[in-house]
Amino acid sequence: MRRQVAERAGYCCEYCRLAEADMFLGCHIDHVISEKHGGLTQPDNLAYACVFCNLHKGSDIASLTGAGELVALYNPRRQRWQEHFRLQGALILPTTTVGEVTVRLLQFNHPDRLLEREALLVVNRYPPA
Ligand SMILES: [Zn+2]
């Protein structure tokens, strides 16, 4: 099942879109809806996620916007990345409230992660084809 999830994701993190080949630590299999919230270990609830996205997401399934609205996190099985995020250079910017809570909770634009993506941009390895 792990191989199936990895292949479906094109061997890239389905949250920050970093290619596994460019990661030191590789990817984890993420339960989009965590098991403690009733999510099952089956392909339609699994996503390929880099260590940083997976660890920051943990078992969370939602967060609060800056305005205090409870919003579900981005679901790579049910939503399209391009509908919730856009790239500005190496920055991942939210375009919806789903994007807003996901960018913040998963810390997409932490300075260390930005540096990594900026370096990959320079050599045309981010975003992956
Ligand atoms: Zn990631």
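Right above here is the structure, for reference.
All residue numbers refer to position in the chain's written sequence, counted from 1. Local features in this predicted model are restricted to residues whose pLDDT is 70 or higher, and side-chain atom pairs enter the listing and the counts only when it is 80 or higher, whereas totals over whole chains, interfaces and linings include all residues. Working from all heavy atoms in the structure, the side-chain values ignore hydrogens and water.

### A short note on empty space enclosed by the protein
Buriedness of a pocket was judged along seven lines, with at least five required to meet protein on both sides within 12 Å; pockets are open sets of points on a 1 Å grid over the protein atoms alone, cavities are sets where a 1.4 Å probe fits but cannot get out, and lining residues have an atom within 4 Å of a point. Grid points are joined across faces, edges and corners, and a volume is the space filled by probe spheres set on the points. Tallied over the entire structure, the rule returns 1 cavity of 30 Å³ or more. Approximately 30 Å³ is the volume found for the largest cavity. Around the largest cavity, the lining residues are C16, L18, C50, F52, R113, E116 and R117. Along the lines of polarity and charge, the residues of the lining of the largest cavity split into 4 nonpolar, no polar and 3 charged. Note that Gly is not counted as nonpolar here; it falls among the polar residues with everything else outside the nonpolar set of Ala, Val, Leu, Ile, Met, Phe, Trp, Tyr, Cys and Pro and the charged set of Asp, Glu, Lys and Arg.

### Digging into the nonpolar core
Residues belong to one nonpolar core when they are buried, are Ala, Val, Leu, Ile, Met, Phe, Trp, Tyr or Cys, and are joined through side-chain atoms within 4.5 Å. Burial classes follow relative accessibility: with a 1.4 Å probe on protein chains only, a residue under 20% of its type's maximum area counts as buried, one over 50% as exposed, and anything between as partly exposed. Counting 30 residues, the largest nonpolar core has C13, Y15, C16, C53, F85, I92 and F108 as its most contacted members. For helices the rule is a DSSP run of H or I covering at least 4 residues; for strands it is a run of E covering at least 2, with both sets numbered from the N terminus onward. Elements represented by at least two residues in this core include exactly α1 (2-8), β2 (46-50) and α3 (97-105). When residues of this core are assigned to their parent elements, the largest contribution, 5 residues, is made by β2. Residues are treated as being in contact if the distance between any of their heavy atoms lies within 4.5 Å. Ignoring sequence-local partners within four residues, the contact set of F108 consists of Y15, C16, C53, F85, I92, T102, V103, R113 and R117.

### With respect to the packing of aromatic side chains
Between rings of Phe, Tyr and Trp, where Trp is taken as its six-membered ring, a pair exists when centres lie within 6.5 Å; planes separated by under 30 degrees are stacked, by over 60 edge-to-face, and by other angles tilted. The tally for this structure, following the rule as stated, stands at 5 aromatic pairs. Aromatic side chains Y11 and Y48 sit 6.4 Å apart centroid to centroid with 90° between the ring planes, which places their arrangement in the edge-to-face category. Placement of Y11 in the loop between α1 and β1 (27-31) and of Y48 in strand β2 is noted, with a sequence separation of 37 residues between them. Judged by its relative accessible area of 37%, Y11 is partly exposed. Taking the relative accessible area as the measure of exposure, Y48 reaches 2% and is therefore buried. Here the aromatic residues Y15, Y74, W81, F85 and F108 are joined through ring pairs into a cluster of three or more. Counting as a charge over the ring demands two things of the Lys NZ or Arg CZ atom: a distance within 6 Å of the ring centre and an angle within 35 degrees of the ring normal. The ring of W81 carries the charged tip of R17 above its face, separated from the ring centre by 4.4 Å.

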